[in-house]
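# Observations on chain architecture
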Amino acid sequence: MPLAPSSSRHLLQFPVSSPAHHLLLFSDLTCATFFRSSWPPPFPISLKKANSFVFPISVRREKCFSKSTEEDRRSDSETQTDGDDDRPASVATTGGSQRIAASSTDSLSLGIREPVYEVVEVRSDGKVSTRKINRRQLLKSSGLRPRDIRSVDPSLWLTNSMPSLVVREHAILLNLGSLRAIAMQESVFIFDYNRKGGKAFMDSLLPRLNPKNINGGPSMPFELEVVEAALLSRIQHLEQKLMDLEPRVQALLEVLPNRLTADILEQLRLSKQTLVELGSRAGALKQMLLDLLEDPHEIRRMCIMGKNCTLVKGNENMECSVPLEKQIAEEEEEEIEMLLENYLQRCESCHGQAERLLDSAREMEDSIAVNLSSRRLEVSRVELLLQVGTFCIAVGALVAGIFGMNLKSYLEEHAFAFWLTTAGIIVGAVVAFFLMYSYLRARKIL
């Protein structure tokens with residue numbers, strides 16, 4: 001049935017003869033897609049505008065979210081269902097696997113070079129091996145995410161200089177300055193093992209893994225042994241550095257400020273710089289331990305590693321499938337807290353001693369500055385006295401210059417005129433000097 005003509009001069013007439021075709025209205029231009037169709041169209045449509053006829057093309061309309069009817073949605077669903085029924089399940093599975101393989105191949109063909117790390121792997125039985133491992137293998141073996149590697153990535157040591165201890169579900173990431181490691185249940189990966197921090201850590205860890213050194217007592221889990229060895233090596237390094245630096249600073253404090261030489265002042269500057277660096281490192285490690293102790297969630301996550309336990313959200317209580325594992329986890333939690341408290345006290349002691357030595361060095365610098373200021377004041381007083389004496393002598397030289405002119409003054413005819421003039425110049429200069437000196441003392445300039 002054709003539509004009734006409207007009152008306007010634009011007349012659009014068409015019969016709805018085929019449900020498979022839809023008319024392209026002017027309001028649907030933004031949500032239709034044109035396809036090729038046979039010509040002439042299967043149904044006549046006439047558009048009258050200014051006595052001209054235009055034949056439209058047949059269109060197939062895709063989804064339109066702005067103007068969609070119930071019939072469109074039904075027909076689309078039927079078409080989708082028919083297409084899914086015709087396709088075998090094996091073909092769909094094969095296509096999905098091909099897409100996954102193609103995506104992985106595309107990611108590898110992007111030209112991005114995946115970083116490869118050279119690490120030392122120390123296993124729980126004490127075996128040490130050096131291996132090269134790329135980022136993908138490292139993430140797969142440790143169960144970490146790419147953003148977790150940033151804290152221990154050796155290439156980012158300038159941006160990640162602050163110490164950190166990050167606990168994840170299957171690994172613990174350690175960043176203690178020159179020591180960067182990933183501790184897992186059965187092994188630990190050590191980055192930059194040739195640096196002092198890595199060597200000291202291995203020297204502290206390997207004796208703990210020797211069964212002869214256990215003496216029959218119960219041992220902690222391997223990842224906790226790694227954490228304790230890392231903290232012990234780091235704090236021992238700070239303490240040893242402080243013990244080497246303290247006698248030098250004390251010797252400089254005894255010599256100064258009476259003996260001010262360039263060598264002693266340079267030694268004081270270097271010692272102060274070392275104390276500032278030592279204090280900042282000890283302070284950063286102290287803050288990390290404080291944050292870890294104030295966060296029981298992280299400690300409990302360390303306790304439940306390798307156990308069938310979970311943390312209940314809200315109250316952070318541990319729930320274990322085996323009651324014995326819960327008891328062991330609670331005992332380990334207390335042991336970890338005592339361990340962290342012990343190293344926190346040692347770190348606070350080291351930090352406090354470094355701050356005291358630094359304060360003494362700064363006080364000595366202030367004393368040296370006062371001493372140098374007093375010496376500069378004395379030098380200024382001497383310079384002022386010399387300037388006053390020079391002025392008085394210059395006045396006498398002026399008188400002598402006047403008498404040195406080749407003009408007759410009738411004084412040259414008397415023999416005593418020379419002695420009288422000389423005596424007058426000397427006496428005048430001395431009197432002028434004492435007068436100016438008294439004036440400067442009265443004004444408290446000298």
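Quick caveat, the model's predicted, so the values are computed rather than measured. (Residues numbered from 1 in each chain as written. Predicted model: local features only at pLDDT ≥ 70, side-chain atom pairs only at ≥ 80, totals over all residues. Heavy atoms only, no water.)

Scanning the protein from terminus to terminus reveals 9 helices and 10 strands. The proportion of buried residues among the 446 residues of the protein is 30%. Partitioning the intrachain contacts of the protein with sequence separation of at least 6 by distance along the chain shows that 61% fall at a separation of at least 24. Entry remark: accessible area of the protein is about 29500 Å², with carbon and sulfur atoms responsible for 57%. (Helix = DSSP H or I, 4+ residues; strand = E, 2+ residues; numbered from the N terminus. Buried < 20%, exposed > 50% of the residue type's maximum accessible area, 1.4 Å probe, protein only. Contact = heavy atoms within 4.5 Å. Areas by Shrake-Rupley, 256 points an atom, 1.4 Å probe, with all protein chains shown as cover.)

A separate point is a nonpolar patch on the surface. Together, Leu-398, Ile-402, Phe-403, Met-405, Leu-407 and Leu-411 give the surface a local cluster of nonpolar side chains, amounting to about 610 Å² of exposed area. Its location among the elements puts Leu-407 in the loop between helix H8 (323-403) and helix H9 (417-442). A relative accessible area of 63% means that Leu-407 is categorised as exposed. (Patch = residues over 30% accessible without salt bridge, like charges linked within 9 Å, V, L, I, M, F, W, Y side chains within 5 Å. Salt bridge = Lys/Arg side-chain N within 4 Å of Asp/Glu carboxyl O.)

As a further point, take helix H5 (residues 222-255). Along an α-helix, residues three or four apart share an orientation, since each turn contains 3.6 residues. Helix length check: H5, at 34 residues, gives a terminal C-alpha distance of 50 Å against a target of 50 Å (1.5 Å per residue), a fit within 8%. Its axis deflected by about 25° at Leu-245, H5 carries its strongest bend there, up to four residues before the proline Pro-247. (Expected span 1.5 Å × (residues − 1). Bend = angle between axes of the 7 residues up to and from the residue.)

Enumeration over the complete set of coordinates arrives at 12 salt bridges. For Arg-168, the salt bridge is made with Asp-148, and the minimal N-O distance between the two is 3.1 Å. Placement of Arg-168 in the loop between strand S5 (164-167) and strand S6 (172-176) and of Asp-148 in the loop between helix H3 (135-142) and S5 is noted, with a sequence separation of 20 residues between them. Bridged by salt links that share partners, the residues Glu-121, Arg-123 and Arg-131 form one connected network.

Another aspect to go through is a negative patch on the surface. A cluster of acidic residues, Glu-330, Glu-331, Glu-334, Glu-335, Glu-337, Glu-341 and Glu-348, forms a negative patch on the protein surface. Mapped onto the fold, Glu-334 is located in helix H8. (Lys, Arg positive; Asp, Glu negative; His and termini not counted. Charge placed at Lys NZ, Arg CZ, Asp CG, Glu CD.)

Quick look at helix H4 (residues 196-209) now. Here H4 is 14 residues long and its end C-alpha atoms lie 21 Å apart, about the 20 Å a rise of 1.5 Å per residue gives. Those residues of H4 not exposed but buried are Gly-197, Gly-198, Phe-201, Met-202, Ser-204, Leu-205 and Leu-209.

At their nearest, the axes of helix H6 (residues 262-293) and H8 sit 8 Å apart, and the two run at 150° to each other. The angle between H6 and H8 places the two elements in the roughly antiparallel class. The chirality of how H6 crosses H8 is left-handed. When the residues that make up the contact of H6 with H8 are grouped by side-chain class, the tally is 21 nonpolar, 3 polar and 8 charged. (Axes fitted to C-alpha atoms, helices over the stretch in contact; angles between N-to-C directions. Parallel < 35°, antiparallel > 145°, perpendicular 65-115°, else oblique. Left-handed = near helix turned anticlockwise from the far one by under 90°. Nonpolar A, V, L, I, M, F, W, Y, C, P; charged D, E, K, R; others polar.)

We now examine the side chain of Ser-187. By the element assignment, Ser-187 lies in strand S8 (residues 187-191). Classification of Ser-187 as buried rests on a relative accessible area of 7%.

As a further point, take the UniProt feature "transmembrane region" (unreviewed entry) in the protein. In the UniProt entry, the feature "transmembrane region" (unreviewed entry) is given for residues 384-404 and 416-440. End C-alpha to end C-alpha, residues 384-404 measures 30 Å, and it is 95% helix and 0% strand. The span residues 416-440 is 96% helical and 0% strand by assignment, and the distance between its end C-alpha atoms comes to 37 Å. (UniProt positions renumbered as here; feature names shortened; annotations may be inferred.)

Most peptide bonds adopt trans geometry, and most residues besides glycine take a negative phi value. Of note in the backbone geometry, Asp-192 takes a positive phi value of approximately 50° without being a glycine. With a relative accessible area of 28%, Asp-192 lands in the partly exposed category. The phi dihedral of Lys-444 is positive, around 60°, even though this residue is not glycine. Counting through the fold element by element, Lys-444 comes out in the segment after H9.

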